[in-house]
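# A look at the structure
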Amino acid sequence: MLEEIDLFLNHIALEQNLKPNSVISYRHDLSQLAEFASTLGIKSWREFNKGAIISYLGYAGRIGLSASSIARRMSSLRGFFRFLVRERIVPLNPSLHIESPRLYRNLPVVMSVDEVERVLSSVKLDGRNGLRDRAAMEIMYSSGLRISELIGLTTANLFLEVGHLRVSGKGGKERIVPIGEEAVHYVRRYMEEERPALANDKSLDILILNRFGRKFSAMGMFNIVKKRVTEAGITKHVTPHTFRHSFASHLVDGGASLRAVQEMLGHADISTTQIYTQLNRSYLKSVHLEFHPRERKNRDHDG
């Protein structure tokens, strides 16, 4: 049964041009599926039927896999069996009409406007790499960039005089996003006062440089943000992506249209952007519970 898995992995790697990490994920999921099949006495994929898939889903739930992990494995399984049917290795796709577990999207952690200001203003600009770190976080909050977009940003893609950035998002899709005056101020200061000392012949055109004069890794930028947030006394679990969530949430709170926010974030589907309206409703509910006189009366009575 492993031979067919190898054929499928070669197919998705060569013909679909999937990234190595995605191929590794498929291999992991399908190898575990083959192991489970052997416990049922199944010796070929032709014997793997709808009942076996349902048993597998039950097993995945019993060992504590999350709904998102099970859904991913179902996606791998469906793609695999579509390939087997197309190659006439099996006559029918047993995964048809079997639903994945319903996914409930967790609301993201966001910082309040005050918390963002505390983080940004706490950076000592005369300290080591203060301007660089301030500029990086100002860009994330002002323009809502993903961490990969921030660390890949080049000086050639800055149009500061008109207040725009050109970023390369998921799938290599480019988009133009606005950048605010505060962020422009600190980016310019960083470029004039700190970046020249960090740059070397291997810096290329990368804007935000690490201490070696090279492009940051995602973990490197994560550590910078963690350090600055800790220094500001913020106890929330803040990552670079938290700045992106906060950017979007604050725009929606302020009345921005979802379509405009979707375009700035580079979301392919507006349903992804709609989570920020749910976040806003969640916040409003917490305000209602805290300040409405009847809610306060009930809370005092309970206490």
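Before reading further, recall that the structure is shown in the block above.
Heads up: these notes are all about the structure in this document. Model, not experiment: these values are computed from the prediction.

A contiguous patch of negative charge on the surface is contributed by D114, E117, E181 and E182. Of all the secondary structure elements, the ones that give two or more residues to the negative patch are α5 (113-121) and α8 (181-193). Checked against the element boundaries, D114 lands in helix α5. Relative accessible area serves as the criterion here: at 52%, D114 is assigned to the exposed category.

Across a sheet, strands are paired by hydrogen bonds formed along the backbone, either parallel or antiparallel in direction. Taken together, the three strands give an open sheet; going across it, the order is β1-β2-β3, and neighbouring strands pair in antiparallel fashion. The two strands at the open ends of the sheet, each matched to only one other strand, are β1 (158-159) and β3 (174-178). Two elements, strand β2 (residues 164-168) and β3, share five bridges in a ladder whose sense is antiparallel. If you follow H164 over to β3, its bridge partner there is P178.

Bringing helix α11 (residues 240-253) into the picture now. Residues lying three or four places apart along an α-helix face the same way, a consequence of the helix completing one turn every 3.6 residues. An ideal rise of 1.5 Å per residue puts 20 Å on 14 residues; α11 measures up with 20 Å between its terminal C-alpha atoms. The first or second residue beyond α11 is G255, which carries a positive phi of 105°.

This part is about the packing of aromatic side chains. This structure, assessed with the given rule, holds 10 aromatic pairs. Ring geometry for W45 against F48: centres 5.6 Å apart, planes inclined by 55°, an arrangement best described as tilted. Among the residues examined, F48 registers a relative accessible area of 3% and is labelled buried. Looking at W45, the relative accessible area reads 2%, which means it is buried. An aromatic cluster is built from F8, Y26, W45, F48, F80, F81 and F83, whose rings are joined through pairwise contacts. The ring of Y186 carries the charged tip of R134 above its face, separated from the ring centre by 4.0 Å.

What follows concerns the environment of L92. Within the secondary structure layout, L92 lies in the loop between α4 (67-86) and α5. Sequence separation between L92 and F81 is 11 residues; the distance between their C-alpha atoms is 8.3 Å.

The backbone of N129 shows a phi angle near 60°, a positive value even though the residue is not glycine. Among the structural elements, N129 can be located in the loop between α5 and α6 (130-143). The residue L204 is not glycine, and still its phi comes out positive at about 55°. Within the secondary structure, L204 is located in the loop between α9 (195-198) and α10 (218-231).

Cut-offs applied
- Residues numbered from 1 in each chain as written.
- Predicted model: local features only at pLDDT ≥ 70, side-chain atom pairs only at ≥ 80, totals over all residues.
- Heavy atoms only, no water.
- Patch = residues over 30% accessible without salt bridge, like charges linked within 9 Å, V, L, I, M, F, W, Y side chains within 5 Å.
- Areas by Shrake-Rupley, 256 points an atom, 1.4 Å probe, with all protein chains shown as cover.
- Salt bridge = Lys/Arg side-chain N within 4 Å of Asp/Glu carboxyl O.
- Lys, Arg positive; Asp, Glu negative; His and termini not counted.
- Charge placed at Lys NZ, Arg CZ, Asp CG, Glu CD.
- Helix = DSSP H or I, 4+ residues; strand = E, 2+ residues; numbered from the N terminus.
- Buried < 20%, exposed > 50% of the residue type's maximum accessible area, 1.4 Å probe, protein only.
- Pairing = 2+ DSSP bridges.
- Expected span 1.5 Å × (residues − 1).
- Phe/Tyr/Trp six-rings, centres within 6.5 Å; stacked < 30°, edge-to-face > 60°.
- Lys NZ or Arg CZ within 6 Å of the ring centre and 35° of its normal.

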